[in-house]
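Each chain, written out:
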Amino acid sequence: RDDALFQDPFAAALAGPKGESLSEQFCAGCPYFGLDGWPEFHRTWTAVRTKFIDDRVREYSGAGSYAQLVNLGSGMDTRPYRMEEYGAFAGVF
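Cut-offs and rules
Residues numbered from 1 in each chain as written. Predicted model: local features only at pLDDT ≥ 70, side-chain atom pairs only at ≥ 80, totals over all residues. Heavy atoms only, no water. Phe/Tyr/Trp six-rings, centres within 6.5 Å; stacked < 30°, edge-to-face > 60°. Buried < 20%, exposed > 50% of the residue type's maximum accessible area, 1.4 Å probe, protein only. Lys NZ or Arg CZ within 6 Å of the ring centre and 35° of its normal. Patch = residues over 30% accessible without salt bridge, like charges linked within 9 Å, V, L, I, M, F, W, Y side chains within 5 Å. Areas by Shrake-Rupley, 256 points an atom, 1.4 Å probe, with all protein chains shown as cover. Salt bridge = Lys/Arg side-chain N within 4 Å of Asp/Glu carboxyl O. Helix = DSSP H or I, 4+ residues; strand = E, 2+ residues; numbered from the N terminus. Contact = heavy atoms within 4.5 Å.

Draft legend 1. Examining the packing of aromatic side chains more closely. Under the counting rule described, the total for this entry stands at three aromatic pairs. Between the aromatic rings of tyrosine 32 and phenylalanine 33, the centroid separation amounts to 4.9 Å while the plane-to-plane angle is 90°, which identifies the pairing as edge-to-face. Its relative accessible area of 72% is what places tyrosine 32 among the exposed residues. Taking the centre distance of 5.0 Å and the plane angle of 50° together, the rings of tyrosine 60 and tyrosine 66 count as tilted. Judged by its relative accessible area of 33%, tyrosine 60 falls in the partly exposed class. Its guanidinium or amino end placed over the ring of phenylalanine 52, arginine 56 lies 4.7 Å from that ring's centre, counting from NZ or CZ.

Printed below as a string of structure tokens:
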């Protein structure tokens, strides 16, 4: 999308068909747990959260005050591979 909050060229390859299937299965079960609006909320929240974190990485990488970055992602975070700003940190964990 031209108006996307961020671009992640690795997302589709990382999640693959299995990720899409898991997401669809989860969304299908949401009404059972009273989470009717959850699928759209989750998609929106994920995009906003990603944009926020990307902006903070950019901000702190340019500040020169931070030597290290600790990424407490979910294990499927592509940020270090898609953001040049990670190179500004001496250590990324």
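Draft legend 2. Main features of a nonpolar patch on the surface. On the surface, a nonpolar cluster with roughly 390 Å² of combined accessible area is contributed by Leu5, Phe41, Trp45 and Val48. Relative to the elements of secondary structure, phenylalanine 41 occurs in helix H2 (residues 38–63).

Draft legend 3. Here's a closer look at the environment of tyrosine 66. Residue placement: tyrosine 66 occurs in the loop between H2 and strand E1 (68–69). Among the residues examined, tyrosine 66 registers a relative accessible area of 44% and is labelled partly exposed. Along the primary structure tyrosine 66 and arginine 56 are separated by ten residues, whereas in three dimensions their C-alpha atoms are 12 Å apart. Apart from residues lying up to four places away in sequence, tyrosine 66 is in contact with Tyr60 and Phe89.

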